[in-house]
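# Commentary on secondary and tertiary structure
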Amino acid sequence: MAEASEFSAAVNMHHHVHPDFSSMAIDFVESDTFKPFIIPVLGLIIGVVMMRMPKFADVGKLVLYFGAQSFMNIFMGWVFRTHITLPEGMALPSRTVSEVSNRTLPKVLLDAIVANITNRTLPLPNGYSPPHLSVSDITNQTLPQGYFLSSRTADAGSITINHVLQKDLHGCPVGFALTAMQQVISFLCFIIAYAVLYPTEHRLSPKPIKSKFEVFSICMFAAVFALNIALNNTSLEYISIAVNLIIRSCLPLTTFLSQQGLAMLGLYTFKPCNVKEIGLMFAGVVCAGAFTAAKIAGSAHSGHSSSNAVLGVMICIASLLCGSLNLALAGVLGEMKLSVIDTVAYMSVPATIFLSFFCFWPKELPDGEWREVFGSDQASNWQVLQMVAKIAPGTFALFVLSGVLSFVYNIIQFNIVHTLSPSATAFGGNFNKAALVFLTLLLPFLQVHALPGSPYIYVIWAAVIGNVAAFSAYSYLQ
């Protein structure tokens, strides 16, 4: 595996390696990128205006929450899945090897070389034992498309292989590392705000934590919160933002179950079991399941692989369970009389420590260009993050920006859950997601990707309408 430091030896690090920030900004405002952000921005503006009117202040909070949550979800989906991290035609770092083996070449490259030499087709069958190869067997004819030899030593003891990216590289598989990075940036934002406001009458004064129970509650909340966001970010590497949002719209039911579980432990009050409310929540969950199945089946019918989508759905469901527990624990912290700033400040450090264990754990990279770019089948989130910082600084800048946006979003979310209730916030978050998906289906100018054909599109429409109707009726009963 090529370590991140090896990328500093790249051939001629010209403007293709470091796309300038002006071109990145132009790419963002192009129609296919900017379209999904129109409604979230309008939600932010309308929410701020309504909050200034006492009569509509509570409604304004939910509208602001809609804008903030929608913007953050779409932004992260763009970063993880559709943003062009590296452009087609980029010259990647060269690789000098003196032997041909799994230790010196990534499996995707080695398999392609073996297939070309032995006249086999890819993928190679499981258990296939490739012939012994030497560097003298490697020529431009045996290398796959996009690779070429730039030099060979006189004694043919080593060769240098160059690589030009054949397709745009989209997204970035750094779900856990980016979440940890966001926590660090959020903590830095708190420190800056504390220093700036310290000489003024608006000085921040975090509440002292005195009891072991408070320390335990904050650490538990930080771990669950971090796992919720990290799993959600990771799911965006495999599934579309629409599927992610519709799954997470099931939050009211899982939040209710989490609250009941905490109540059994004496950490929360039992919620009454209303048959109509529970039935509506289950109906919304069934509609979400139908939407997800139709979306995956429609993509598979169009020729896209569904295995990664199923994995993404499983990760998203795990994130959903953590998110519901996160909202319930936020209510517990509210009873501890922690302010919004207290909550953000106290959980950033333990959340980062918790995530660090996952950041350094190697995992399989997505099939395709990422394995070619990184030069390995596996890499930890931390190694990928280091590599992106070197060869795609524009994308790394988006990561930093996401940390600042995360800080602002967390303040909005915690303010709502502390001033209203976990159930109200859960419904607000649920309705926000379902409504955004509904509007994306309804308004053609918001559609970045083509919708599946018949009969899948009819199931998708019916599922979204049923999901919104079920959770709206649940909200009315509340």
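Anything mentioned here points back to the structure above.
Quick caveat: nothing in here was measured; it's all calculated off a predicted structure.

Here we come to the overall build of the protein chain. If you tally the helices and strands in the protein chain, you get 17 helices and 7 strands. In the protein chain, the share of contacts with a sequence separation of at least 24, taken over all contacts with a separation of at least 6, comes to 75%. Counting every atom, the protein chain has about 22,200 Å² of accessible surface; 66% of that belongs to carbon and sulfur.

A word on the pairing of strand β4 (residues 159-164). Of all 6 residues that make up β4, 5 are buried, and the element is covered over most of its length. Examined bridge by bridge, strand β2 (residues 91-97) and β4 share 5 bridges and lie antiparallel to one another. When the bridges of β4 are listed, A91 appears paired with V164.

Summed over the entire model, instances satisfying the criterion amount to 12 aromatic pairs. For the pair F176 and F358, a centre-to-centre distance of 5.0 Å together with 20° between the ring planes defines the contact as stacked. Of the two residues, F176 is situated in helix α6 (residues 175-197) and F358 in helix α12 (residues 340-359); the sequence distance between them amounts to 182 residues. Between F396 and F399, the ring centres sit 6.3 Å apart and the planes meet at 65°, which makes this aromatic pair edge-to-face. Of this pair, F396 and F399 are both found in helix α15 (residues 393-419), 3 residues apart, which corresponds to roughly one turn of the helix. Owing to a relative accessible area of 0%, F399 belongs among the buried residues under this scheme. Ring pairs connect the aromatic residues F37, F71, F75 and W78, which therefore count as one cluster.

Time to look at the packing of α6 against helix α7 (residues 212-235). Running from N to C, α6 and α7 cross one another at 135°; their axes reach a closest spacing of 8 Å. The pairing of α6 with α7 is recorded here as oblique in orientation. For the crossing formed where α6 meets α7, the hand is right-handed. Two secondary-structure elements touch here, α6 through G175, F176, T179, Q182 and Q183 and α7 through F225, A226, L227, I229, A230, L231, N233 and T234. Along the lines of polarity and charge, the residues of the contact of α6 with α7 split into 7 nonpolar, 6 polar and no charged.

Right, let's get into the nonpolar core. L86, V174, F291, V373, V384 and F399 are the most contacted members of the largest nonpolar core, which has 90 residues in total. The element that contributes the greatest number of residues to this core is helix α4 (residues 57-82), accounting for 11 residues. With residues up to four places along the chain from it excluded, the contact list for V174 reads F80, E237, N381, V384, L385 and F399. Membership of the second largest hydrophobic core comes to 17 residues, among which are I113, L143, Y147 and I159.

All right, on to the pattern of salt bridges then. On inspection of all chains with the given rule, the structure shows 2 salt bridges. K207 serves as the salt-bridge partner of E214, at 3.7 Å between the closest nitrogen and oxygen. On the basis of relative accessibility, which here comes to 12%, the residue E214 falls in the buried class. Overall, K207 belongs to the partly exposed group, its relative accessible area being 26%. The salt bridge involving K363 is made with E237; its shortest N-O contact spans 3.4 Å. With K363 in strand β6 (residues 363-364) and E237 in the loop between α7 and α8 (241-248), this residue pair connects regions lying 126 residues apart in the sequence.

With 26 residues, α4 should cover 38 Å at 1.5 Å per step; its first-to-last C-alpha distance of 36 Å lies within 8% of that length. Where burial is concerned, most of α4 is hidden: 19 out of the 26 residues are buried.

With respect to the secondary-structure elements, L188 resides in helix α6. Take L188: its relative accessible area is 46%, and that puts it in the partly exposed class. For the pair L188 and F407, spaced 219 residues apart in sequence, the C-alpha to C-alpha distance is 9.7 Å.

Basis of the calculations
- Residues numbered from 1 in each chain as written.
- Predicted model: local features only at pLDDT ≥ 70, side-chain atom pairs only at ≥ 80, totals over all residues.
- Heavy atoms only, no water.
- Helix = DSSP H or I, 4+ residues; strand = E, 2+ residues; numbered from the N terminus.
- Contact = heavy atoms within 4.5 Å.
- Areas by Shrake-Rupley, 256 points an atom, 1.4 Å probe, with all protein chains shown as cover.
- Buried < 20%, exposed > 50% of the residue type's maximum accessible area, 1.4 Å probe, protein only.
- Pairing = 2+ DSSP bridges.
- Phe/Tyr/Trp six-rings, centres within 6.5 Å; stacked < 30°, edge-to-face > 60°.
- Axes fitted to C-alpha atoms, helices over the stretch in contact; angles between N-to-C directions.
- Parallel < 35°, antiparallel > 145°, perpendicular 65-115°, else oblique.
- Left-handed = near helix turned anticlockwise from the far one by under 90°.
- Nonpolar A, V, L, I, M, F, W, Y, C, P; charged D, E, K, R; others polar.
- Core = buried A, V, L, I, M, F, W, Y, C linked by side-chain atoms within 4.5 Å.
- Salt bridge = Lys/Arg side-chain N within 4 Å of Asp/Glu carboxyl O.
- Expected span 1.5 Å × (residues − 1).

Geometric descriptors of this kind do not, in isolation, establish any biological role.
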